[in-house]
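# Topology and contacts: notes
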Amino acid sequence: MAVRRKPLSASVISTLRAKAKNRKNITLGQLKKVYRRGQGAWLSSGSRPKIPMSGWAMARVNSYVRGSRKHDTDLRKKRKKWARSLEPQESILLPCMVI
């Protein structure tokens, strides 16, 4: 039986939504994944003393937003592919005859 995760709090979601809104090509879903990975990193590895899980996870989100290539590179690659697909396609202009 799979363990069910607790939902993120309303304040965390509003903070992540504001960060996603301020940045181009970063979605709320990506930031939620990064936040969850930050929580997992706090639980699995040795973290600094007196730093709460929420602070550790939000620091990871801030690092991702600023463009760090240390963590979550798989999400960054997806983001680049997604951004590339939104670029306008070059259209071929045909010469017009003016009468």
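Scroll up a little and you will see the structure.
Okay, so let's go over this structure. As a convention, each chain's residues are numbered from 1 in the sequence order in which they are written. For a predicted model such as this one, the threshold for reporting local features is a pLDDT of at least 70, and the threshold for listing and counting side-chain atom pairs is 80 or more; totals across whole chains, interfaces and linings nevertheless cover every residue. Side-chain figures throughout are based on the complete set of non-hydrogen atoms in the structure, without hydrogens or water.

Attention now moves to the pattern of salt bridges. Side chains bearing opposite charge may pair, as long as their charged atoms lie close to each other. Each reported salt bridge corresponds to a side-chain nitrogen of Lys or Arg within 4 Å of a carboxyl oxygen of Asp or Glu. Following the criterion strictly, the structure yields three salt bridges and no others. As a salt-bridge pair, Arg37 and Asp72 come within 3.0 Å of each other at their nearest N and O atoms. Remark: Asp72 occurs in the loop between helix H3 (53-66) and helix H4 (73-86) and Arg37 occurs in helix H2 (residues 28-44); sequence separation between them is 35 residues. With a 1.4 Å probe rolled over the protein chains alone, any residue whose accessible area is under 20% of its type maximum counts as buried; one over 50% counts as exposed, and the rest are partly exposed. You can call Arg37 partly exposed: its relative accessible area is 31%. Between Arg37 and Asp74 there is a salt bridge, and its shortest N-O distance comes to 2.9 Å. We count a stretch as a helix when DSSP gives it H or I for four or more residues in a row; a strand needs E for two or more, and each element gets its number in order from the N terminus.

So, on to the layout of surface pockets. When its volume is computed, the largest pocket comes out at roughly 160 Å³. Definitions used for this entry: grid spacing 1 Å over protein atoms alone; cavity, a set of points where a 1.4 Å probe fits but cannot get out; pocket, an open set with protein on both sides within 12 Å along at least 5 of 7 lines; lining residue, one with an atom within 4 Å of a point. Ala41, Ser45, Trp56, Ala59, Arg60, Ser63, Ser68, Lys70 and His71 are the residues that line the largest pocket. For the lining of the largest pocket, the element with the highest residue contribution is H3, accounting for four residues. Residue type decides the class: Asp, Glu, Lys and Arg count as charged, Ala, Val, Leu, Ile, Met, Phe, Trp, Tyr, Cys and Pro as nonpolar, and the leftover types, Gly among them, as polar. Its residues assigned to classes, the lining of the largest pocket comprises three nonpolar, four polar and two charged. Grid points are joined across faces, edges and corners, and a volume is the space filled by probe spheres set on the points.

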